[in-house]
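# Structural characterization, general
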Amino acid sequence: MLFFKECKKILRSLTFWIYCIIVILMFFSQYYADANNEAYPDGYKIVMDEEKIMNGALCGLLGEYSANYYVCYPYGFYKSVSLKEKDKHKIEEYLMELTDTDSEGLTKILKQGEQYTVVTGMVEHTMYEFKNMNVSSELQYSRFKEIMENVDDILGGGSSYQIEELAGNYSFQEMTPEEEAAEYDLFISNDKVTGALARLFSDYLGIDLAFLPVFVAAALVAADRRSKASDNIYSRKISSCRLVFTRYSALIVTMFVPIFITMIIALIQAIHIYNDKSINVLSMFAMPSFWLIPNIMTASAVGMFATEMFSAGAAIIIQAAWSFRSLMSEPLAGSIGKFDLICRHNTLFERDSFMAHYNDFVFNRIFYIILSIGIIGLTAVVFEMKRRGVFNGIRLFGKGGIFGRKA
Amino acid sequence: MDNKIIIKNMDKFYGRKQALFGIDLTIEKGMFGLLGRNGAGKTTLMKTLAALHKKKSGEITVCGIPIEKAGKIRAITGYLPQDFSMYPNMKTDEALDYLGALSGIPNKERKQRVNSLLRKVNLTEHRHKKVKELSGGMKRRLGIAQALIHEPKVLIVDEPTAGLDPEERIRFRNLLCEVAEERIVILSTHIVGDIEATCEQIAIMDSGKILWRGAVSELIKKAEGHVYTANVEKQFISQIKKEYIITGMLSQPDYITVRLISDAEPDLPNVEMTEPDLEGAYMYCLYSSGCDVKGGE
């Protein structure tokens, strides 16, 4: 059967074994180490306290305005922003509105900042810290959000004042012992331990699987050209659709094998640590499969498509950029976007916040399954065009490439 | 379904550059040779017939199937590319089995065909060798086996003997003649000896055009009266190369016997008209078609 022959080809490739080693190393260094002790909630929790958010954001904005040094992460990349006079003036006006004061009053407020120094690389920056500042009691939360949105626009996006990041940045508090006990109860009773462990497992492995499969997929597709076997394959009877989908299925199945093995290890670890608790064995397999297979599918689909269309190098760059962007745009826990490739829930607790976004999570995973199948359909079209000699792929780099020197 | 390949007024372009010009050919069962210099357009024509390249205009039917029906063409065509290669780490029998699977041959039947083809191409004892461990000749034999695995009606082989030693070349030619008994085999080559040993019908290509088509004997007949031999002193050789098309030289102690092509009797010592061989006839065909074939410095 062709499917098994394709699996065998993948199992023979060095890239696949490097993938396996990295996945297993990541599993042990991240998840296994984190889950190696019986868990108990002892952290902070994010609360939707409007007053806390407004006052916290005001302190932050006063500090960055005083230094004219704003730290932003547009698309997940670090960027420091220093504003010109015109934009500085706009921020000043917003600060006056937030504090319900005039220029003179704002100057007095700004004097309350405590100076400290931050070193970034070789450069020293003088920063200011503001504590216990309060926004005007007249200010509505809706207007506050508008101001924050405008401030974020002025800063070019990715600032600490993005609406969706406000609660996570400025409104968290220590949990009470009762809250911790309630969280723990959810962990034991509702999640049956493995439900929570499965989320943490998927969180860590999901990051790796949004990127690593692209290498294996690109290597499989590029092997035809590298071995000069393309013409032998192109001239066979098999339809392009069948060949591309068979290869794709083989990629997903083979790349899922090491994940399945790590699931078994994670389950054995859980049984060992929580031997006195009632554990749901199935959760350790069901949730990670639903969570992680779309990542493998998407990264493999991009790998196959971009390698057929451009080159293996281009496929790796595209997937690296996409997965990094997705990683940087998602909070560690508490929110799952409908279209983010990497879903995150980097805690064994906060079950409620995960369940609050459960529908988005399900939508997200199904969306990526459909998207990747669509990409593979396109790959089959490109493959058929190359096979008929009507398209030769697009060269991006090197001699004659779009970004390379002219041939 | 007729057992012919019919090409009518076919043009092929690479971008704006025209590669094939108004090709007209009819190829019937048996060995058919396509002879031409490197860059004549033979590989382009072979790939177009294997549905690996798209023609710009004209018509091609392979055993009654229009070339546009690529899936059907692939099912009846075996193709051995110029530089046959496979995944280097695959074993010989595995490579054959894999390509058989891509041709849609059921498991059981495939195993039988792999064994019988390996026997036929004399690779049985090398079946467990990896492709990268095979010699050039063995690789070509594996190439012909993969092209035959699905028992095609048409076999297209592109420059199959280039780089082979004389023994391998003879073995390969014999193998081709054997398989041509029951199908159309198109042999593309720039080596006249390959054609001479295997084909009755040939076409000569140059610069993307068919210069001549017909039987080998007719081509030779056409060159009659234009091939001469002469004994020339060694110091005059470079001068003669500039003036005539030399098709062969034989060194003697005091002089060189040259075989050359000329429309009229050359003014050379001991000149004699001689019977043309296929090489001479081919060179005369190129010469009479206006191709630059003189070998002078």
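Worth saying up front: this structure is predicted, and the values here are computed from it rather than measured. (Residues numbered from 1 in each chain as written. Chains lettered and ligands numbered in written order. Predicted model: local features only at pLDDT ≥ 70, side-chain atom pairs only at ≥ 80, totals over all residues. Heavy atoms only, no water.)

### Observations regarding the overall build of chain A
Within chain A one finds 16 helices and 6 strands. Structurally, chain A occupies a C-alpha span of about 80 × 65 × 40 Å along its principal axes. A total of about 19,400 Å² of accessible surface is found on chain A, and carbon and sulfur atoms cover 58% of it. (Helix = DSSP H or I, 4+ residues; strand = E, 2+ residues; numbered from the N terminus. Areas by Shrake-Rupley, 256 points an atom, 1.4 Å probe, with all protein chains shown as cover.)

### Thoughts on the domain arrangement of chain B
Residues and elements named next belong to chain B. Per the domain assignment, the segments of chain B are domain 1 (4-220) and domain 2 (223-288). Between the C-alpha centres of domain 1 and domain 2 the distance comes to 34 Å. Listed as interface residues are 14 residues of domain 1 and, on the opposing side, 10 residues of domain 2. Carbon and sulfur atoms supply 77% of the area buried between domain 1 and domain 2, which totals about 1,000 Å² over both sides. (Domains from an automatic or database assignment. Contact = heavy atoms within 4.5 Å. Buried area = accessible area lost by both parts, 1.4 Å probe.)

### Examining a nonpolar patch on the surface
All names here are of chain A. Residues I317, F397, I402 and F403 make up a contiguous nonpolar surface patch of roughly 460 Å² in combined accessible area. Note on placement: F403 falls in the segment after α16 (358-387). Residue classification places F403 among the exposed positions, given a relative accessible area of 59%. (Patch = residues over 30% accessible without salt bridge, like charges linked within 9 Å, V, L, I, M, F, W, Y side chains within 5 Å. Salt bridge = Lys/Arg side-chain N within 4 Å of Asp/Glu carboxyl O. Buried < 20%, exposed > 50% of the residue type's maximum accessible area, 1.4 Å probe, protein only.)

### Considerations on the interface of chain A and chain B
By a frequent convention, interface size equals the accessible area lost on bringing the separate parts together. The interface is formed by 27 residues belonging to chain A together with 32 residues belonging to chain B. Of the roughly 2,500 Å² buried where chain A meets chain B, counting both sides, 50% is carbon and sulfur surface. The largest per-residue losses of area from chain A upon contact with chain B belong to N232, R236 and K237 of chain A, which jointly make up 26% of the total buried on that side. Put simply, chain A and chain B have 5 salt bridges between them. Across the contact surface, chain A and chain B share 20 residue pairs in polar contact (both at pLDDT 80 or more). Counting residues per element, the ones that place at least two in the side of chain A that touches chain B are α1 (2-11), α10 (213-226), α11 (230-234), α12 (240-273) and α16 of chain A. (Polar contact = N/O pair within 3.5 Å; in protein donor to acceptor, adjacent residues only side chain to side chain.)

### With respect to helix α5 (residues 136-148) of chain B
Residue and element names in this part refer to chain B. If you check α5, its first and last C-alpha atoms are 19 Å apart, about what 13 residues at 1.5 Å a residue would give, namely 18 Å. With 11 of its 13 residues buried, α5 lies for the most part within the structure. All of the buried residues along α5 are G137, M138, R140, R141, L142, G143, I144, A145, Q146, A147 and L148. (Expected span 1.5 Å × (residues − 1).)

### A few points about the state of the cysteines
Residue and element names in this part refer to chain B. Counted under the stated rule, the structure contains 0 disulfides over all chains. C285 takes part in no disulfide bond, and the closest cysteine sulfur, belonging to C291, lies 7.6 Å away. Under the relative-accessibility criterion, C285 is labelled buried at 1%. (Disulfide = S-S within 2.5 Å.)

### Side note on the sheet that holds strand β5 (residues 65-66) of chain B
Residues and elements named next belong to chain B. With antiparallel pairing, 4 strands are arranged side by side in an open sheet as β2-β1-β4-β5. Either end of the sheet is taken by a strand with one partner, and the two such strands are β2 (17-28) and β5. Running over the sheet, helix α1 (residues 42-49) touches β1 (4-14), β2 and β4 (57-62) and is turned about 120° from β1. (Pairing = 2+ DSSP bridges. Axes fitted to C-alpha atoms, helices over the stretch in contact; angles between N-to-C directions.)

### Structural notes on the domain arrangement of chain A
Partitioning chain A into domains gives domain 1 (2-42 + 179-387) and domain 2 (46-174). One C-alpha centre belongs to domain 1 of chain A, the other to domain 2 of chain A; they are set 38 Å apart.

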